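A closer look at the structure
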Amino acid sequence: MHDPSGRTVPARAAANAATVRDAEPLLRLTWTDPVTGAHGYLVVHTLVSGLATGGTRMRAGCTQSEVEDLARGMAAKTATFNLPVGGAKGGIDFDPKDPRAVGVLERFCQAMRPWLDAHWVTAEDLGVPQHLIDDVFARLGLEQSYHAAITRSADPQRTLRRVRAGLDAPVPGGLLLGDVIGGYGVAQACLGAASTWAWPVPETTVAIQGIGTMGGGAAWYLHEAGMRVVAVADAAGTLYHPDGLDVPALLELRDAYGEIDRTRVPENVRRLPSSAVIATEADILVPAAISYALTPDNSMDVAAKVVVEAANSATTPEAEAMLAARGIPVIPDFVANAGAAAWAWWLLLGQVGANPADSFHRLRTEMQAKVALLLGQWQLDGAPPRRTAWELADANRLALTPAPGQDAPALAIP
């Protein structure tokens, strides 16, 4: 048996070909905040080498089933990019704009301390920026949110310095590498799609739903590459210009919650409802805001030729099937938005350092190769990109699974 990359998969792997996709989560935990009554959740989908990785999000309405779905996606991300760790996710049902939110986050992390100490490597996610969760970890005496991995290294202090140097490495635009690497990966997924279909980059258009960390980073790097970002949407609405928006200028107008100050937007930019971004005439649609943004109710409005999921679980299965029936492939989240997770582990493992050029080169190479594989299978036999990506994830994870009676190799963090 062969996986989509052409490698031979052992018979043992072939007999268990749905390992990542269909496995039940290893652990589900529910927490209630004693101060506010807010609920929080930890779902560990898989442990590999005793570790699982996945961010912690905070939003009003967050549910355990949502966190479980995201944990499965994290397991798929780590497997797709051949990372020697499993997948997990944390979520808190609370408004991150509430002045009590930091206290809720700190108490959640304190409650999850046994997992954060030894097994769960977490990071930023929706409603929880990296600097905030690092501040919480520091107050808890854990120094940094990658703590569970850092403590396993041969020299924890050296690894901590490397991680901090990578996260804080400056990049053009006055930003930090750790803040933009996820969006850079999404941009490379878009550029990979354009390359696969031989679309000239300056003539390729993109619409982006969400202009926060992920969507804003993608918009920045697509604009820098010469692609026309014709629409961006935030909670206040969609901004549209058929000739392309001045992305750097718009990003300067964002507040702390990723919303653009409309009083300073040029008059020649059209103001449309938030939902209008879905129906924008563009080659590529990037849902980068909320989960389940594309549903059966709005999928028929999609006018793009390809959807690149920057948000986790951006498309419902029913909507994805409807898009496929119209000839519109979806590059799944666990490929397109996996750049930040993959890069964090490359950094932890010492495979990249504080030089942004090295990180950008590796992520660009790996992301574009994976997108080319997915769209190549789509063109060859109509295989949905998500199916091909799951097959790749399963083959990669099974290749790392020891045979019965054998011990898993120890994770070596320099």
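Residues numbered from 1 in each chain as written. Predicted model: local features only at pLDDT ≥ 70, side-chain atom pairs only at ≥ 80, totals over all residues. Heavy atoms only, no water.

**Here's the deal with helix 15 (residues 356-381)**
With 26 residues, helix 15 should cover 38 Å at 1.5 Å per step; its first-to-last C-alpha distance of 38 Å lies within 8% of that length. Looking only at helix 15, the buried set comprises Pro356, Ser359, Phe360, Leu363, Glu366, Met367, Lys370, Val371, Leu373, Leu374, Leu375 and Trp378. Here helix 15 starts with a cap whose side-chain oxygen sits 3.0 Å from the backbone nitrogen of Ala357, and that cap is Asn355. Positive phi appears at Gly382, one or two residues downstream of helix 15, with a value of about 75°. (Helix = DSSP H or I, 4+ residues; strand = E, 2+ residues; numbered from the N terminus. Expected span 1.5 Å × (residues − 1). Buried < 20%, exposed > 50% of the residue type's maximum accessible area, 1.4 Å probe, protein only. Polar contact = N/O pair within 3.5 Å; in protein donor to acceptor, adjacent residues only side chain to side chain.)

**Examining the packing of helix 15 against helix 16 (residues 385-400)**
At their nearest, the axes of helix 15 and helix 16 sit 9 Å apart, and the two run at 125° to each other. As summarised for this structure, helix 15 and helix 16 are arranged oblique, according to the angle between their axes. Judged by the sense of rotation from one axis to the other, the crossing of helix 15 with helix 16 is right-handed. The segment helix 15 lies against helix 16, with Leu373, Leu374, Leu375, Gln377 and Trp378 engaging Pro385, Thr388, Ala389 and Leu392. Residue composition of the contact of helix 15 with helix 16, grouped by class: seven nonpolar, two polar and no charged. (Axes fitted to C-alpha atoms, helices over the stretch in contact; angles between N-to-C directions. Parallel < 35°, antiparallel > 145°, perpendicular 65-115°, else oblique. Left-handed = near helix turned anticlockwise from the far one by under 90°. Contact = heavy atoms within 4.5 Å. Nonpolar A, V, L, I, M, F, W, Y, C, P; charged D, E, K, R; others polar.)

**Side note on the environment of Thr401**
Tracing the backbone through its elements, the reader meets Thr401 in the segment after helix 16. Owing to a relative accessible area of 30%, Thr401 belongs among the partly exposed residues under this scheme. For the pair Thr401 and Pro200, spaced 201 residues apart in sequence, the C-alpha separation works out to 42 Å.

**Considerations on the environment of Asn312**
Mapped onto the fold, Asn312 is located in the loop between strand 14 (306-308) and helix 12 (317-325). Excluding anything up to four places from it in sequence, Asn312 contacts Arg57, Leu70, Lys77, Lys89, Asp125, Ser291, Asp333 and Asn337. Looking at Asn312, its side chain comes within polar contact range of the side chain of Lys77, at 3.1 Å.

**Looking at empty space enclosed by the protein**
Using the criterion set out here, one finds one cavity of 30 Å³ or more in the structure. Reported here for the largest cavity is a volume of approximately 40 Å³. Residue lining of the largest cavity: Met58, Pro96, Ala101, Val102, Leu105, Gly127, Val128 and Leu132, and that is the complete set. The element that contributes the greatest number of residues to the lining of the largest cavity is helix 4 (residues 101-111), accounting for three residues. When the residues that make up the lining of the largest cavity are grouped by side-chain class, the tally is seven nonpolar, one polar and no charged. (1 Å grid on protein atoms, 1.4 Å probe; cavity = no way out; pocket = protein on both sides within 12 Å on 5 of 7 lines; lining within 4 Å. Points joined across faces, edges and corners; volume = space filled by probe spheres on them.)

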